[in-house]
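Here are the chains, one letter per residue:
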Amino acid sequence: MRHIDSWDIFCRVVDNYGDIGVCWRLARQLAAERGDTVRLWVDDVTALVRIWPEVVPGLDEQRCAGVDIRRWTEPLSPQRPHDVVIEAFACKTPDSFAVAMAARSPKPVWINLEYLSAEAWVDGCHLLPSPHPRLPLTKYFFFPGFTPRTGGLLRERDLVARRDAFRQDRAAQYALWRSVGLQPPVAGELRVSLFAYANLAAPGLFSAWAGGDRPVTCAVPEGVLVNESAGFFGSCPAVGARVSRGKLQLAVIPFRRQVDYDPLLWACDLNFVRGEDSFVRAQWAGRPLVWHLYPQQDDAHVPKLRAFLERYCAGLSGSAAAAVRALFDAWNGSGDPAAVWATAQATLADWTDDAEEWAATLAAQRDLVSALAEAVENRL
Ligand code: TRH
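Residues numbered from 1 in each chain as written. Predicted model: local features only at pLDDT ≥ 70, side-chain atom pairs only at ≥ 80, totals over all residues. Heavy atoms only, no water.

**With respect to the sheet that holds strand S13 (residues 270–274)**
Point 1. The six strands lie next to each other as S11-S12-S10-S9-S13-S14, forming an open sheet whose pairing is mixed. With partners counted over all chains shown, the strands left at the sheet margins are strand S11 (242–245) and strand S14 (289–292), one partner each. When strand polarity is set aside, the average angle formed by the axes of neighbouring strands in this sheet is 15°.
Point 2. Where S11 and strand S12 (residues 248–253) come together, four bridges link them in antiparallel fashion. Across the sheet, the residue bridging to serine 244 is glutamine 249, located in S12.
Point 3. Sheet strands in contact with helix H7 (residues 202–210) are strand S9 (190–194), strand S10 (216–221), S11, S12 and S13, and its direction is about 130° off that of S12.
Point 4. With respect to the sheet, helix H12 (residues 318–331) is in contact with S9, S13 and S14, its orientation differing from that of S14 by roughly 30°. (Pairing = 2+ DSSP bridges. Helix = DSSP H or I, 4+ residues; strand = E, 2+ residues; numbered from the N terminus. Axes fitted to C-alpha atoms, helices over the stretch in contact; angles between N-to-C directions. Contact = heavy atoms within 4.5 Å.)

**Let's talk about the domain arrangement of the protein**
Point 1. What the domain assignment reports for the protein is domain 1 (6–152 + 366–377) and domain 2 (159–363).
Point 2. For domain 1 and domain 2, the distance between their C-alpha centroids amounts to 30 Å.
Point 3. Taken together, the 24 residues of domain 1 in the interface contact 23 residues of domain 2.
Point 4. The contact between domain 1 and domain 2 buries some 2,000 Å² in all, and 54% of this surface belongs to carbon and sulfur atoms.
Point 5. Counting across the interface, domain 1 meets domain 2 through two salt bridges.
Point 6. Inspection of the region where domain 1 meets domain 2 yields eight residue pairs in polar contact (both at pLDDT 80 or more).
Point 7. Elements supplying a minimum of two residues to the side of domain 1 that touches domain 2: helix H1 (18–34) and helix H2 (45–51).
Point 8. It is H1 that provides the largest number of residues to the side of domain 1 that touches domain 2, a total of five residues. (Domains from an automatic or database assignment. Buried area = accessible area lost by both parts, 1.4 Å probe. Salt bridge = Lys/Arg side-chain N within 4 Å of Asp/Glu carboxyl O. Polar contact = N/O pair within 3.5 Å; in protein donor to acceptor, adjacent residues only side chain to side chain.)

Written as structure tokens, this is what we have:
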């Protein structure tokens, strides 16, 4: 077994918060749970500030949450690489750093952390090697995923216990709602969180909620669905403000620290999420979720949606599965959410039970940090 206690993680912020969101969560977990040295190289520190406001945007080097954060500019000043070097989402480790890796003894274990996908081919590609074209180095592809043959999902050791404690703690729930400027839900109300990309389906969903038989309070993080809200309500409320139509009340809430986003997901009856990291967090919440995939050219995201739904709906009855699929499809551009919402709402009780089981089944598998540690210490 190889002794590992230090990690370099390279992160290029392509857009939004998912790249840095995943890397920051991984870095924090490695530092907190293993007590390891973790150096996170990130090209756009301001994206990190958004999800972790203690981070100072202008600094080249700083330490936060036990992680050494370095601004990634090139050429990189000479550094001794740590035991493991992770390039996130094929962001390409700088050449000078790769040369330093090849010269180090022992050589670092080199990992490319891939995007999450539920597609079946992932099982066969997890941990495949790829030799460097010139240097005596081998990079290994590490795939997060939903089966034991993949690298699993990021899940902190105490996550499920914290979630369950929150669900028992009325004061914590009240505090959560106060922190976003809302009253706790009243009986019969549906509480929804809504994090999405620009989405032409949003007005249809808003109109189904506004004209439905159940009060809906929808919490939307600031900056999300601004045009869609303005189009439907006539104006998009400022942060902390609300707007109503029919049975629907929409509240624009402040963007939360990454750790404070979880309780919102735990407290809602239904969570709309997007990208990768919020999508995973909503699964751990054990509540129904609707995923908005990052739209890719040539509809490359569609097989990812299909593969996830195949797994996610497997425990539901035929009609409930059809309702969930129809809502996911409509939210991702094929179908009308106004036409499918009533059926989806009717399945919510079964869907909630199933979402809890889904979370429990995933939680019975190895988490990503454990799988990664096992791979770099024992297998590679
Ligand atoms: O922001 P995202 O859409 O990120 C991405 C990018 O689209 C990227 O190109 C894509 O490749 C990648 O996803 C898969 O969605 P995601 O992944 O959910 O990241 C959002 C992060 O923001 C996540 O870590 C949760 C966090 N967050 C907060 O910290 N506070 C909040 O209030 C909210 C709503 C989210």
